[in-house]
Amino acid sequence: MDHPARQHYPQLTAAEERDLLRRNYLLLQTGQASLGLIGPDVLGIAVEPRQDEIVLHFAIAAHTAEVEEDLDDIVFELRAFLGGGPEQHLTITTELHVGHPHATWFSPRYAVLYLAKTKAEAE
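What counts, and at which threshold
Along each chain, residues carry numbers from 1 onward, in the same order as the chain's sequence is written. Whole-chain, interface and lining totals are the exception, using all residues; otherwise, since this is a predicted model, local features are given only for residues with pLDDT of at least 70 and side-chain atom pairs are given and counted only at 80 or more. Values shown for side chains rest on all heavy atoms present in the structure; no hydrogens or waters enter the calculation. Strands were regarded as paired on the criterion that DSSP finds at least two bridges between them. Numbering of helices and strands runs from the N terminus; a helix is a DSSP stretch of H or I covering at least four residues, while a strand is a stretch of E covering at least two. Interaxial angle, 0 to 180 degrees, is taken between N-to-C directions of lines fitted to C-alpha atoms, where a helix line uses only the stretch in contact. Space inside and on the surface of the protein is sampled on a 1 Å grid over the protein atoms alone, with a cavity defined as a set of points where a 1.4 Å probe fits but cannot get out and a pocket as an open set with protein on both sides within 12 Å along at least 5 of 7 lines; lining residues have an atom within 4 Å of a point. Grid points are joined across faces, edges and corners, and a volume is the space filled by probe spheres set on the points. The nonpolar class holds Ala, Val, Leu, Ile, Met, Phe, Trp, Tyr, Cys and Pro. Asp, Glu, Lys and Arg form the charged class, and all remaining residues, Gly among them, are polar. Helix span, expected: 1.5 Å multiplied by one less than the number of residues in the helix. Throughout, a contact is declared for two residues whenever any of their heavy atoms are within 4.5 Å. Think of a patch as exposed residues, more than 30% relative accessible area, with no salt bridge, where like charges cluster within 9 Å and nonpolar side chains (Val, Leu, Ile, Met, Phe, Trp, Tyr) cluster within 5 Å. For the accessible areas, the method is Shrake-Rupley and the probe is 1.4 Å, while residue cover comes only from the protein chains on display. Within this document, salt bridges are pairs made up of a side-chain nitrogen of Lys or Arg and a carboxyl oxygen of Asp or Glu, the two lying within 4 Å of each other. Charge assignment in this entry is limited to Lys and Arg as positive and Asp and Glu as negative, and neither His nor the chain termini are counted. By convention, the charge on Lys lies at NZ, on Arg at CZ, on Asp at CG and on Glu at CD.

Once that is clear, we can look at the sheet that holds strand 3 (residues 91-98). Read across the open sheet, the 4 strands follow the order 3-2-1-4; overall the sheet is mixed. What marks the edges here is a single partner per strand, and that holds for strand 3 and strand 4 (111-115). For this sheet the average axis-to-axis angle between neighbouring strands, irrespective of direction, equals 20°. In this structure, strand 2 (residues 53-60) lies alongside strand 3, joined through 8 bridges in parallel fashion. Its bridge partner lying in strand 3, Ala59 is registered against His97.

Structure follows, in structure tokens:
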């Protein structure tokens, strides 16, 4: 029997379906790992699944010791959430962008998990 995703998106190949499911799995796990750790200086988080690693892209307001600690905690928690699963041995790396996650921060390879509202959006 076909996977339900194939019923809704019959144009997906089996490889595309696996990639989509993997991306979604990593997004969910990263979201869980980030709960309570996204401080006011974290402006955006994106997940990039690569062949042998997971790259977490962070847009931050400023590179401070507190932000660094929060990001390290997110990586630590993500490793714990991935433990025992198919992605448990992958390397987790981070890439930092200081500033608002504008258009050049985005890539089709990234899956955006979190974007902070700008002051104008919050009002």
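Estimated volume of the largest pocket: approximately 170 Å³. It is helix 2 (residues 14-34) that contributes the most residues to the lining of the largest pocket, 4 residues altogether. Of the residues belonging to the lining of the largest pocket, the class tally is 4 nonpolar, no polar and 4 charged.

Its 18 residues place the ends of helix 3 (residues 65-82) 26 Å apart at the C-alpha level, agreeing with the 26 Å of an ideal helix rising 1.5 Å per residue. Next to the buried residues of helix 3 lie helix 2, strand 1 (42-49), strand 2 and strand 3.

A separate point is a negative patch on the surface. A contiguous patch of negative charge on the surface is contributed by Asp41, Glu66, Glu68, Glu69, Asp72, Asp73 and Glu77. As for its placement among the helices and strands, Glu69 is situated in helix 3.

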